[in-house]
Amino acid sequence: MSTPVGSGNTNANQTVRPPGEMFTLENPVFCCYLFWATVLVVKMLLMSLLTAIQRFRYKIFPNQEDLFFKNLEVQFNDPHVERVRRAHRNDMENILPYFIMSLIYISTNPSVGVACNLFRVASVARIIHTLVYAVYPVPQPSRILAFGTMLLITFYMAAVVALRTLSFI
Amino acid sequence: MSTPVGSGNTNANQTVRPPGEMFTLENPVFCCYLFWATVLVVKMLLMSLLTAIQRFRYKIFPNQEDLFFKNLEVQFNDPHVERVRRAHRNDMENILPYFIMSLIYISTNPSVGVACNLFRVASVARIIHTLVYAVYPVPQPSRILAFGTMLLITFYMAAVVALRTLSFI
Amino acid sequence: MSTPVGSGNTNANQTVRPPGEMFTLENPVFCCYLFWATVLVVKMLLMSLLTAIQRFRYKIFPNQEDLFFKNLEVQFNDPHVERVRRAHRNDMENILPYFIMSLIYISTNPSVGVACNLFRVASVARIIHTLVYAVYPVPQPSRILAFGTMLLITFYMAAVVALRTLSFI
């Protein structure tokens, strides 16, 4: 969020780039996507480890072969484990479509400033979503706002791409 | 589904395209992918909103901090909410792998007519799947047919890609 | 896993490739990705069919319109069906982020030997994961090892990409 972006410098940011070079390290928009997509991939994978931590802390295991302690039975529906699992599922529902949407949005050659800031805001919003949902539950509407931020950004990118490719319906 | 495609015009549709230009707006196959992938991303994200609508309509919330009304308790297993969630999960199981499969299928330079119609049919089939599963439940085999259509198309693309790259096993 | 890779031949494997040609069939790393991503897509989609097989074998259906046999009621929480569904969900949690991570990792022009072997090991590990989780349950730590293999490979790729694009934060 460090680059100041106004409507005035959109043209300055917009480089005439050969179409074959969109998905290369020469393109700053693609590099910014690479960095923040990587952050979100790591964040999502850490949810698996957070689930595992909760499972060991509360000794809640869903499979017979996972009962690492004596006198345990398989258990489901523990609220601490299920909360992390709901947050993880919400990540899959929102971040995975965002990965595809933002990747193909790059092909429309968006302004560097606009695109990079969208990637930054969307990614930070999802990190906040995880913190207020799975790590330390916070009263609403904090989670709804974090959820809505990436959702709106994805819808914006969808509008841009759909308008550019509408004739291929 | 407007372009008539016969086996005869495959060669006419097949353009000799430089390999670096597959994932650019110069390639009509990629443009068609962009449009229909965008439609499916939006469709998937609307499932979250449909779930939210059902949660508010039947006042079923899974987290303590979501109890927006008085005298409510967290509740799971409401059939109306769970139906939408199953449809959403089915979307993730099928559409997300399809996004990757159809994207990499483009790199094999398929015939414009064949590829575009596959994208169109698969996308419309999944929209029908959502309608008959989550919006207005309809007797089988409507859902199985809608589900099977994208599944078979993804398997077809997988066969094309795997045969082209078999030597890289 | 057939190509012998040592630290010595990294330079020999590393071709000076024009940046616009990373995601083309000219690039052996991309071809190897295509093949193994296709294998994993097919593996994931087969989980849906495995779930369906278990549902018909144990006559467990979650929707009113799926009750293909007389005198059945909708049922959830059958251990055989839920085991396959947990394995399928674990696939989505791990393989789908891996698809994006390994795809963008290719843009950093990695050594052919290293990248191809990472794709091979990660894919075979997830096939083993499915076998020991959903097809024939095997005592731990077999599943943890199979799970950890792709997880570590994804983290490695994330580190490579993040370090290359750190200035775009």
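Residues numbered from 1 in each chain as written. Chains lettered and ligands numbered in written order. Predicted model: local features only at pLDDT ≥ 70, side-chain atom pairs only at ≥ 80, totals over all residues. Heavy atoms only, no water.

**Student:** So, the overall build of chain A: which residues are in play, and what are the values?
**Tutor:** For chain A, the count of helices and strands is five helices and zero strands. For chain A, the succession of helices and strands along the chain, N to C, is α-α-α-α-α. Against the globule reference of 15 Å for 169 residues, chain A gives a C-alpha radius of gyration of 20 Å, more extended than a compact globule. Looking at chain A alone, contacts between residues at least 24 apart form 72% of all its contacts between residues at least 6 apart. When the accessible surface of chain A is totalled, it reaches about 7,200 Å², and 65% of it is carbon and sulfur. Distance from the positive charge centre (14 side chains) to the negative charge centre (9 side chains) of chain A: 7 Å. (Helix = DSSP H or I, 4+ residues; strand = E, 2+ residues; numbered from the N terminus. Rg over C-alpha atoms; globule rule 2.2 N^0.38 Å. Contact = heavy atoms within 4.5 Å. Areas by Shrake-Rupley, 256 points an atom, 1.4 Å probe, with all protein chains shown as cover. Lys, Arg positive; Asp, Glu negative; His and termini not counted. Charge placed at Lys NZ, Arg CZ, Asp CG, Glu CD.)

**Student:** Give me the relation of the copies chain B and chain C: which residues, what numbers.
**Tutor:** Of the transformation placing chain B onto chain C, the axial shift is 0.0 Å and the rotation is 120°, giving an RMSD of 0.0 Å. In short, the pair behaves as if placed about a three-fold rotation axis. In terms of proximity to the rotation axis, the leading residue of chain B is B:Gly20, whose C-alpha is 3.2 Å off the axis. When the interface residues of chain B are mapped onto chain C, a mere 19% of them again fall at the interface, so the copies present different faces. (Least-squares fit on C-alpha atoms with pLDDT ≥ 70 in both.)

**Student:** Could you give an account of the environment of C:Arg89, with specific residues and numbers?
**Tutor:** You can see C:Arg89 is positioned in helix α3 (residues 79-106). Once the C-alpha coordinates of C:Arg89 and C:Leu46 are considered, the two residues, 43 residues apart in sequence, prove to be 13 Å apart.

**Student:** If you had to explain the interface of chain B and chain C to someone new, which residues and values would you point to?
**Tutor:** Each partner contributes to the interface: chain B provides 36 residues, whereas chain C provides 38 residues. Taken together, the two surfaces of chain B and chain C that pack against each other cover about 3,100 Å², and 71% of this comes from carbon and sulfur. It is B:Arg89, B:Ile100 and B:Phe168 in chain B that bury the most area against chain C; as a group they hold 20% of the surface buried on that side. Counting across the interface, chain B meets chain C through two salt bridges. With a shortest N-O distance of 2.9 Å, C:Glu65 and B:Arg83 are connected by a salt bridge. Inspection of the chain B/chain C interface yields six residue pairs in polar contact (both at pLDDT 80 or more). (Buried area = accessible area lost by both parts, 1.4 Å probe. Salt bridge = Lys/Arg side-chain N within 4 Å of Asp/Glu carboxyl O. Polar contact = N/O pair within 3.5 Å; in protein donor to acceptor, adjacent residues only side chain to side chain.)

**Student:** Quick one: what's the story with the relation of the copies chain B and chain A, residue by residue and with numbers?
**Tutor:** Its rotation angle being 120°, the transformation that places chain B on chain A also includes 0.0 Å of axial translation and leaves an RMSD of 0.0 Å. Each copy contacts the other with its own distinct surface, as only 18% of the interface residues of chain B are interface residues in chain A too.

**Student:** Lay out unusual backbone geometry with the relevant residues and their values.
**Tutor:** All names here are of chain A. Gln 140 connects to Pro 141 through a cis peptide bond whose omega is 10°. Turning to its location among the elements, Pro 141 is positioned in the loop between α4 (112-135) and α5 (142-164). For Asn 77, which is not a glycine, the phi torsion comes out positive at approximately 65°. Note on Asn 77: relative accessible area 65%, which makes it exposed. (Buried < 20%, exposed > 50% of the residue type's maximum accessible area, 1.4 Å probe, protein only.)

**Student:** Lay out the interface of chain B and chain A in plain terms, naming residues and giving numbers.
**Tutor:** Frequently, the measure chosen for interface size is the accessible area that the parts lose on association. Counting residues at the interface gives 38 residues for chain B and 36 residues for chain A. Of all residues in chain B, B:Phe35, B:Leu45 and B:Glu65 bury the most surface against chain A, accounting for 21% of the area lost on that side. There are two salt bridges connecting chain B and chain A. Inspection of the region where chain B meets chain A yields seven residue pairs in polar contact (both at pLDDT 80 or more). Elements that contribute at least two residues to the side of chain B that touches chain A include exactly α2 (28-58) and α3 (79-106) of chain B. Residue contributions to the side of chain B that touches chain A peak at 17 residues, all from α2(B). Class assignment of the residues belonging to the side of chain B that touches chain A gives a composition of 25 nonpolar, seven polar and six charged. (Nonpolar A, V, L, I, M, F, W, Y, C, P; charged D, E, K, R; others polar.)

**Student:** Break down the nonpolar core for me, citing the residues and quoting the values.
**Tutor:** Ranked by internal contacts, the top residues of the largest apolar core, which has 117 residues, are A:Tyr33, A:Phe99, B:Tyr33, B:Phe99, B:Phe119, C:Tyr33 and C:Phe99. Beyond its immediate sequence surroundings of up to four residues, B:Tyr33 is in contact with A:Ile100, A:Ile104, B:Thr38, B:Phe99, B:Ser102, B:Leu103, B:Ile106 and B:Phe119. (Core = buried A, V, L, I, M, F, W, Y, C linked by side-chain atoms within 4.5 Å.)

**Student:** Please give an account of the packing of aromatic side chains that cites residues and values.
**Tutor:** Aromatic ring pairs: the centre-centre distance and the angle between the two ring planes describe each pair. Residue and element names in this part refer to chain B. A complete count under the given rule lists 21 aromatic pairs over all chains for this structure. Plain terms: the ring middles of Phe 23 and Phe 30 are 5.7 Å apart, the flat faces sit at 85° to each other, and that makes the pair edge-to-face. Of the two residues, Phe 23 and Phe 30, neither departs from the other in class, the shared state being buried. Above the ring of Tyr 133, the side-chain terminus of Arg 143 is found at 4.1 Å from the ring centroid. (Phe/Tyr/Trp six-rings, centres within 6.5 Å; stacked < 30°, edge-to-face > 60°. Lys NZ or Arg CZ within 6 Å of the ring centre and 35° of its normal.)

**Student:** Quick rundown of the environment of C:Arg143? Include the residues and the values.
**Tutor:** Positionally, C:Arg143 belongs in helix α5 (residues 142-164). In this structure, C:Arg143 is in contact with A:Asn63, A:Glu65, A:Asp66, C:His129, C:Val132 and C:Tyr133, ignoring residues within four places of it in sequence.

Without other data, these values stay purely geometric and don't point to any function.
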